[in-house]
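Chains, contacts and geometry: an overview
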Number of protein chains: 6
Amino acid sequence: MARPIILFSNPWTDLPLEELAQKANEWGYQGLELACWGDHFEVQRATSEDDYCPKKLELLGRYDLTAAVLANHRVGQAVCDPIEPRHGRILPDYVWGDGAAHGVSQRAAEEMMATIRAAQKLGVSVVIGFTGSPLWAAVAGYPGPSPAEVEDGFRFFARQWEPILDVCRECGVRFALEVHPGQIAFDLHSAEMALDALGGRDEIGFTFDPSHLHWQGVDPAEFLRRFPDRILHVHVKDIALALNGRNSILGSYLPYGDPRRGWDFRSPGRGGIDWEAVIRALNAIGYEGPLSVEWQDAGMDRDFGAEEACKFVKRLDFDPARRPEGAFRSA
Amino acid sequence: MARPIILFSNPWTDLPLEELAQKANEWGYQGLELACWGDHFEVQRATSEDDYCPKKLELLGRYDLTAAVLANHRVGQAVCDPIEPRHGRILPDYVWGDGAAHGVSQRAAEEMMATIRAAQKLGVSVVIGFTGSPLWAAVAGYPGPSPAEVEDGFRFFARQWEPILDVCRECGVRFALEVHPGQIAFDLHSAEMALDALGGRDEIGFTFDPSHLHWQGVDPAEFLRRFPDRILHVHVKDIALALNGRNSILGSYLPYGDPRRGWDFRSPGRGGIDWEAVIRALNAIGYEGPLSVEWQDAGMDRDFGAEEACKFVKRLDFDPARRPEGAFRSA
Amino acid sequence: MARPIILFSNPWTDLPLEELAQKANEWGYQGLELACWGDHFEVQRATSEDDYCPKKLELLGRYDLTAAVLANHRVGQAVCDPIEPRHGRILPDYVWGDGAAHGVSQRAAEEMMATIRAAQKLGVSVVIGFTGSPLWAAVAGYPGPSPAEVEDGFRFFARQWEPILDVCRECGVRFALEVHPGQIAFDLHSAEMALDALGGRDEIGFTFDPSHLHWQGVDPAEFLRRFPDRILHVHVKDIALALNGRNSILGSYLPYGDPRRGWDFRSPGRGGIDWEAVIRALNAIGYEGPLSVEWQDAGMDRDFGAEEACKFVKRLDFDPARRPEGAFRSA
Amino acid sequence: MARPIILFSNPWTDLPLEELAQKANEWGYQGLELACWGDHFEVQRATSEDDYCPKKLELLGRYDLTAAVLANHRVGQAVCDPIEPRHGRILPDYVWGDGAAHGVSQRAAEEMMATIRAAQKLGVSVVIGFTGSPLWAAVAGYPGPSPAEVEDGFRFFARQWEPILDVCRECGVRFALEVHPGQIAFDLHSAEMALDALGGRDEIGFTFDPSHLHWQGVDPAEFLRRFPDRILHVHVKDIALALNGRNSILGSYLPYGDPRRGWDFRSPGRGGIDWEAVIRALNAIGYEGPLSVEWQDAGMDRDFGAEEACKFVKRLDFDPARRPEGAFRSA
Amino acid sequence: MARPIILFSNPWTDLPLEELAQKANEWGYQGLELACWGDHFEVQRATSEDDYCPKKLELLGRYDLTAAVLANHRVGQAVCDPIEPRHGRILPDYVWGDGAAHGVSQRAAEEMMATIRAAQKLGVSVVIGFTGSPLWAAVAGYPGPSPAEVEDGFRFFARQWEPILDVCRECGVRFALEVHPGQIAFDLHSAEMALDALGGRDEIGFTFDPSHLHWQGVDPAEFLRRFPDRILHVHVKDIALALNGRNSILGSYLPYGDPRRGWDFRSPGRGGIDWEAVIRALNAIGYEGPLSVEWQDAGMDRDFGAEEACKFVKRLDFDPARRPEGAFRSA
Amino acid sequence: MARPIILFSNPWTDLPLEELAQKANEWGYQGLELACWGDHFEVQRATSEDDYCPKKLELLGRYDLTAAVLANHRVGQAVCDPIEPRHGRILPDYVWGDGAAHGVSQRAAEEMMATIRAAQKLGVSVVIGFTGSPLWAAVAGYPGPSPAEVEDGFRFFARQWEPILDVCRECGVRFALEVHPGQIAFDLHSAEMALDALGGRDEIGFTFDPSHLHWQGVDPAEFLRRFPDRILHVHVKDIALALNGRNSILGSYLPYGDPRRGWDFRSPGRGGIDWEAVIRALNAIGYEGPLSVEWQDAGMDRDFGAEEACKFVKRLDFDPARRPEGAFRSA
């Protein structure tokens, strides 16, 4: 299918956007998923400076790239998380402020609203990101959450995100929650619960990233078939398990690239994801949005990898049948 | 090997200890692992009332049971955890107090010291329990911990537990940290780090429960062989994976017994643990402590299960070779 | 759970019922599933002779056995099948008649109605059996059935069985279609279609026999959880796959016991069925009917096997939790 | 090996042959396997019109294509099948006639003889097709065939096909029975029986299509090594299993492309066939005939797929060793 | 099947035979497989002293034991092996002599003939043992054997063993070569070659020990079905693989019991052998000889294990069907 | 990583070196690993003729090839092996001499020293080869080696190789023992023992060839991570297992290419080696030497295969991350 193949700018936020744009174009990409951290896309300037968005688009246009989606994982994380010092590392100063929990969450929610408005200005209809979770520490931990605590957690989640989704509705933008550990929705059944908590309203959907499902034992294609009209965005990212009896699926606090981890991210096509099944399921549910390479591989040069990934996704993305299904049969 | 087979009293804290003791004896157990919650064993009374421990021992003795170990998971959890409301559910009132984080942790640490002293009074040389963890929310979550944050977390852990271990040394008691999600040590490599953080001091070791390692992909026998002289206690508990493409290893907030969970605990011998490998590894490292049934199975009657479990462990526990190894060879 | 453990009389129809009853009692069974072929249970005599059923019950009663269910697979098969000479082998003469297709089907349907009435007389509330299928030759064959042909096939099935189910309603008996290759319902999705074709009426349900699902790749426990209130009867029968690269799952026309087959039936507990999962799923859906051993194993003496099977099922059948689920949690 | 890579015209019978020929040439194919249905190849015209075959060859020649084999699965199916209405869908009117069973089979047999003669006229030495089977409904169904019925079935098969093979001998053509469910030979052991039933005469052999063996659990390479001199034709077709506990290997009457099926055909290289093993076994037995792409994939555009498949087969088909085997050894 | 269950005396050659006999009887065994080393059975005395055999039988008879087979692996090994110093460890002094290769082999062959004669005197019809191999060092080693060297090796084997088998014929004894690494026959195909080398003469057959096949990847039941009338003796011995990425199947020179080995022997039922498949295959080929426990498990007390093994084999050994196969069919 | 991709000349020793050099250049190789048998590289001439090495280098230079390493497996084998006639097949006449064991070993050791000196003359810093083993016949054979015999074997190994390694030190050359069945080091743990036996001296290291580890069940990447600074050379060679129940891992004396073997070598990328894991482990340990294709595949034309292999290795060999590890993290 002729889906746009784009690159998530996150791993190159150390470079000026123009430098990345030039590379992305050479590597064969058709657009960027802009990270709202570093200076690739600055939410506050986008909302306050009239020419900020047009200039970004003009810059991308010079390299035949579109701005397909905005990504604001970092700020989204602070909307529902119990705030800890490590959040200070990933938030803009003006959101972190004095680091007092309630204020941080409040400012994070406002920044997400601003992100939605900035997306509208940029002409982008999907914002993706994290949500944080008041329940995360209890998942797999001790004491586990009681049913009442789970219910409370989802109520809190809804209370925090409803106003942001109201802005979405206003702006004609949808929010694509990335299903990911640490978020309110991290697997198939919790994704169902998150939709339910928001009454299944139109503005919410999912960013599908098979790598985060794989190590949890969830089949990515089952996830796609379960939510045919809620897949708003797709990350192309691979992962390899490395269980040898001593390594664990939870990774022992070890950094990416350490062979003692139970899994590690991989350049697309070099891990355990069944991409054939993924693309067939995307075809089956009629997903027509971008395929966005979120490149991450601690064992490979990033520029080599990004170029290879683009070629990989092009080979992967084929057209579904145009003829009536079952029109002929095995002979 | 003639290891004592005992029963962890936790699932029966709704019954008076005497009622459980009578059952445990009938089922074939030789001792109890007493839970320090409910009224099976009350730490404050044990330290303040001179006849508390003798009376417990006398009660147990009537049913031919010994008091092999004391278990105080719940209070231990609060020593290093960031305190959340759900901790209120599991702590005694006098530890929870007003629920203000710093005070709770402080009182929890003191209660653990009291538990050690109570153990000494009861004539028990091993206290088992949880430790809590300042890092848990970051494990598998987002943002993951930076190396510096990991280091800080272990330093905090050591600072909190060193004084408790000092009491251990004083009392001739060892503390057997249960390697378990939610604790500072939850898999093989994090268990190494925890020992390192405490300088490998003598008073610390592990409670080995293979069920918690299994779903993380860690081979329980590898764990045993890695820490031959740190296995202070053994929980016999089983677990079955139920991955079918939709269920996840993190369990989607679902309670035990729900078939949508990716795993569930099972009565010993009815799950996926390779007990043959476990008992051989225990023989190989020379573990001579009790085999303590921590019975938990949401799909089975607990009394039926506890009796079956005792028989299972008796069949399981065989003697290693008494002859010199390699004394004969295949013919 | 204290479910009755009974024996399907089919493999012993060469013996007088009394001889089998005596053996069944010695082996530990509590009842029989009577086959309506041979002379274990004769439908026509049961409906026409007033003392036939009381005498059967009296005979069984002498050996402490109940008549739990009636089984009429053979006649049921002819209700929807295109009639071929091999049906002559399994039908009573008065049903087969001249073997002309339409008449055979008609008489088979009437005999099934008679079976229902006989069941009522015997005091039995479940009749089990086959249905035959107008579509079977097209399943996996060539040309496969078109959607319209599938629809027609199910319409034909409903037309044939509705009158029989009307008699069921009249008599307070339910019909438990055995999900089995060669029948209208042979796997999970076709079982859904069969229920739909009958408008989900109350009188229809399934005989669950995991052996027939296993070689098709269907997880028996998934089947149970899919139809919690339609499981009317359970066959305990095992099966072992024997795929070695040359054998095939369809079995090459070879008789049971030939090692060149891709699978073969086995005495319960000696094959590939995950009985632990089956019994837990039966507990979870609240099935309280009999566990009926359908003994078949071409490599074992039948009497030895039937006795062993009874002991196996007794060990297997445990009580689910009586306490509120999730009442305690891992410590 | 420089085997011709050809395309089976079946999936494009909705197009005029010339249109397909042009595409096939552009995609890289060297010949066509002509389907004897639709107007790609009309048996009656070929035998009655002197210039029919030369004109077909001339048309193909314009696109650098050869006519490698003729395929007449549909008519062959009716030679041994019990005739049902669904056969009417696939037979030419003059073979179907009034649909009365005996006459249909008779005319089908005559049409197969005509196909052999047409092949001779076209200069083709292999005709491939189905045989039908009097036993199919009993395979995996109920009641299964008795040994005597199996014997009768094979006798009937021989009686029907002997005269057709006599025409083969006359014309210097061999018949390549496609081993496929619904045929007298559908797996390895039944293929042995079919050869035996025909006394192993020279005119009979097999069309090898690994996709039909794979879901039955048969290793395609074992099949090839078992019949080294009976492999007359090869279909390149792939298949993917999709067993998730609910889907079944028999497919529940569902059309291709439905994710609830237990397997589905795939464009070559995108399924579960071990093509490396297949090509090595073909090399080992010295097969030198065409590799014929039978393209079928309900999830992919057929033109995209056919082009990709041609490239895939070219990459696949390598030369075996030309040097004496074992001439050097690992160092 | 009521096959005799016997115990191989090898692991207890440090005890006087009478002490072992008493134990074996208490453990439930019905006979012994006597080792021809140590003093359990002394070949030279048996052939030269008239009352040696009667006394042995009388001793065994006191404990209700029969002398079912004689085992002389150690001397057999020297018949075809290139003699190395390690052979000195396992041979009687009078066979080893000065250790000069040719003489050792010669004397070993003569001792095997004496063993056959001793067997006759003892009333035993099967002698089991090793053969040694002139080719072993080249198997898996470097340089591998050329076809001519393989042929030479088998010729040498035949030349050495023909005279011994001649004595077998004379004495009415058969020799059951144990298929085992280090012997001329160590897997299925090499067992075929060994039979061929001896022209398939009647006096030769195999001792089947599944443990030695398992780690080589050979399915023991396939071996049995391949040689239905050459299985003269059966060893019941188990084995567990322990491959974790670092361990190797060849075992790194490590002694039994070392967890760094890739496999280790196990008490029967505690390893990876599929005993259900083994016993069914033994039933299918009609093997009626003894089931001889060759007990070896570096991690278990030998007396505990031998008793458990006897019970295990009793449970294992069931009767095959006594009725005509296929006499009834699935309903 | 820009590692040189070279070709081991062994399979083309029937061709003049110049002919192979021309082909290797056309296929894309950058150098050769010269075999010291046949006339590709003649040790005695290299040491005695001053212009031998310069002429070789000049010849290679004409085809843009370097001489990266010298390989002398055949002579090395005889240094520690018990000498058998089959060694005569692989040794130069002047080493074999009269074939008397002691002299052969002595001359083999001297030839290895000469090889080292020749390497120095050729400007090559690594010589690779086999070592032979006094213990091989006892590995997996019978009787297995006693601990004392193992110790003696390693002592003998050290005694034989120390003088050769002394010449290495003198010449600035390292010896890369190929870990391979038949050698003193054949798996991970035996490789540790071999290093220990030589006191871990600098001149010794390993040639890593994953194909020899794979069939033993050893994970090649674990091997690399175990010996990060001892990997001196890498062979790129693939292997496929073919275990079907009858074939065995030890191969039954059968030549390469026989489908009854349990495994066979394969052209790189066409077997079971996880090359992705291998290249990542090589990157992780910082290996910067050549990747040497040791081409061997009994089912493929060698020239076709060698060209394909060169392309395969080029695609395989990617650059590791140049940025600080963990510099960004999943979003």
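Remember, it's a predicted structure, so these values are computed and weren't measured experimentally.

Here we come to the pattern of salt bridges. Scanning the model with the defined rule gives 168 salt bridges over all chains in all. Lys 55 of chain C is the partner of Asp 51 of chain C in a salt bridge, and the nearest nitrogen-oxygen pair spans 3.3 Å. Residue classification places Asp 51 of chain C among the partly exposed residues on the basis of a relative accessible area of 36%. The partner of Glu 151 of chain E in a salt bridge is Arg 155 of chain E, and the shortest N-O contact between them spans 3.7 Å. Remark: Arg 155 of chain E and Glu 151 of chain E occur in helix α8 (residues 147–171); sequence separation between them is four residues, near one turn of the helix. Arg 155 of chain E gets classed as partly exposed once you look at its relative accessible area, which sits at 45%. When salt bridges with common partners are traced through the structure, they connect Glu 162, Asp 166, Arg 169, Arg 201 and Glu 203 of chain A into a single cluster.

Looking now at the confidence of the model for chain A. Residue and element names in this part refer to chain A. With 97% of its residues at a pLDDT of 70 or more, chain A shows a mean pLDDT of 95. Here residues 324–331 is a poorly scored stretch, pLDDT under 50, and it has 32 contacts once near neighbours within four places are set aside; other chains count. Across the interface, the model reports ipTM at 0.93; the global pTM reads 0.95.

Attention shifts here to the side chain of Lys 56 of chain E. All names here are of chain E. Positionally, Lys 56 belongs in helix α3 (residues 52–62). Put simply, Lys 56 is tucked away with no salt bridge, and the nearest opposite charge, on Glu 42, sits 4.6 Å away. Discounting residues that sit within four places of it in the chain, Lys 56 has contacts with Leu 17, Asp 39, His 40, Phe 41 and Leu 122.

Attention shifts here to the sheet that holds strand β5 (residues 174–178) of chain F. Residue and element names in this part refer to chain F. As summarised here, the arrangement of the eight strands in space is β1-β2-β3-β4-β5-β6-β7-β10, forming a closed barrel in which the pairing is parallel. Within the sheet, the average angular offset between the axes of one strand and its neighbour, ignoring direction, is 30°. Sheet topology places strand β6 (residues 204–208) next to strand β7 (residues 231–236); three bridges connect them, and they run parallel. Each residue of the ladder has a partner; that of Phe 208, found in β7, is Val 234.

Each of the two chain copies can be brought onto the other by rotation about an axis and movement along it. Structural alignment of chain A on chain B gives an RMSD of 0.0 Å, achieved by rotating through 180° and translating 0.0 Å along the axis. This pairing of chains is accounted for by a two-fold axis. Minimal C-alpha separation from the rotation axis in chain A is found for Ala 137 of chain A, amounting to 2.3 Å. The overlap is high: 100% of the interface residues of chain A also sit at the interface in chain B, so the same surface is used on both sides.

Looking now at the state of the cysteines. Residue and element names in this part refer to chain E. As enumerated under the stated definition, the model contains zero disulfides over all chains in all. Not engaged in a disulfide, the cysteine Cys 80 finds its nearest cysteine sulfur in Cys 168; these two sulfurs lie 14 Å apart. You can call Cys 80 buried: its relative accessible area is 2%.

On to the interface of chain A and chain B. At the interface, 55 residues of chain A touch 55 residues of chain B. Across the interface of chain A and chain B, roughly 4700 Å² is buried in total on both sides, 61% from carbon and sulfur atoms. Three residues stand out in chain A for area buried against chain B, namely Tyr 142, Leu 250 and Tyr 253 of chain A, and they jointly supply 21% of the buried area on that side. At the junction of chain A with chain B, the criterion picks out 27 residue pairs in polar contact (both at pLDDT 80 or more).

What follows deals with the layout of surface pockets. One number sums up the size of the second largest pocket: a volume of about 2300 Å³. Around the second largest pocket sit 45 residues that line it, and Gly 269, Phe 312 and Arg 315 of chain B, Arg 315 of chain C together with Arg 315 of chain E are the ones nearest its centre. Listed by contribution, the elements that provide at least two residues to the lining of the second largest pocket are α12 (275–285) and α13 (302–316) of chain B, α12 (275–285) and α13 (302–316) of chain C together with β8 (238–241), α12 (275–285) and α13 (302–316) of chain E. For the lining of the second largest pocket, the element with the highest residue contribution is α13 of chain B, accounting for seven residues. Of the residues that constitute the lining of the second largest pocket, the class distribution is 18 nonpolar, six polar and 21 charged.

Turning to the packing of aromatic side chains, a few remarks are in order. Inspection of every chain in the model, using the stated rule, returns 108 aromatic pairs over all chains. With a centroid separation of 5.3 Å and 50° between ring planes, the pair formed by Tyr 256 of chain A and Phe 265 of chain A is classed as tilted. Judged on exposure class, the residue Tyr 256 of chain A and its partner Phe 265 of chain A are both buried. Here the aromatic rings of Phe 206 of chain D and Phe 223 of chain D are separated by 5.8 Å at their centres, their planes lie at 65°, and the arrangement is edge-to-face. Note that Phe 206 of chain D is positioned in strand β6 (residues 204–208) and Phe 223 of chain D in helix α11 (residues 220–226), a separation of 17 residues in sequence. The exposure class of Phe 206 of chain D is buried, given its relative accessible area of 0%. One aromatic cluster is present, built from ring pairs that chain together Trp 136, Phe 154 and Phe 186 of chain A together with Tyr 253 of chain B. Taking the ring centre of Trp 263 of chain A as reference, the NZ or CZ of Arg 261 of chain A above it sits at 4.6 Å. Its end group placed over the ring of Phe 265 of chain D, Lys 237 of chain D keeps NZ or CZ at 3.8 Å from the ring centre.

What follows deals with α12 of chain E. Count 3.6 residues to each turn of an α-helix, and residues three or four apart come out pointing the same way. All names here are of chain E. For α12, the tally of buried residues reaches nine of 11 residues, placing the bulk of the element in the interior. Buried residues of α12: Trp 275, Glu 276, Val 278, Ile 279, Arg 280, Ala 281, Leu 282, Asn 283 and Ile 285, and no others. Of the residues one or two after α12, Gly 286 is the one with positive phi, at around 75°.

On to the sheet that holds strand β3 (residues 66–71) of chain D, then. Residue and element names in this part refer to chain D. Pairing in this closed barrel of eight strands is parallel, and the strands run β1-β2-β3-β4-β5-β6-β7-β10 around the ring. Neighbouring strand axes in the sheet, compared pairwise and without regard to direction, differ in orientation by 30° on average. In this structure, strand β4 (residues 126–129) lies alongside strand β5 (residues 174–178), joined through four bridges in parallel fashion. Paired with Ile 128 across the two strands is Ala 176, which belongs to β5. In this fold helix α12 (residues 275–285) packs onto β6, β7 (231–236) and β10 (291–293), with an angle of close to 160° to the strand it touches most, β7.

What counts, and where the lines are drawn
- Residues numbered from 1 in each chain as written.
- Chains lettered and ligands numbered in written order.
- Predicted model: local features only at pLDDT ≥ 70, side-chain atom pairs only at ≥ 80, totals over all residues.
- Heavy atoms only, no water.
- Salt bridge = Lys/Arg side-chain N within 4 Å of Asp/Glu carboxyl O.
- Buried < 20%, exposed > 50% of the residue type's maximum accessible area, 1.4 Å probe, protein only.
- Helix = DSSP H or I, 4+ residues; strand = E, 2+ residues; numbered from the N terminus.
- pLDDT = per-residue confidence, 0-100.
- Contact = heavy atoms within 4.5 Å.
- Lys, Arg positive; Asp, Glu negative; His and termini not counted.
- Pairing = 2+ DSSP bridges.
- Axes fitted to C-alpha atoms, helices over the stretch in contact; angles between N-to-C directions.
- Least-squares fit on C-alpha atoms with pLDDT ≥ 70 in both.
- Disulfide = S-S within 2.5 Å.
- Buried area = accessible area lost by both parts, 1.4 Å probe.
- Polar contact = N/O pair within 3.5 Å; in protein donor to acceptor, adjacent residues only side chain to side chain.
- 1 Å grid on protein atoms, 1.4 Å probe; cavity = no way out; pocket = protein on both sides within 12 Å on 5 of 7 lines; lining within 4 Å.
- Points joined across faces, edges and corners; volume = space filled by probe spheres on them.
- Nonpolar A, V, L, I, M, F, W, Y, C, P; charged D, E, K, R; others polar.
- Phe/Tyr/Trp six-rings, centres within 6.5 Å; stacked < 30°, edge-to-face > 60°.
- Lys NZ or Arg CZ within 6 Å of the ring centre and 35° of its normal.

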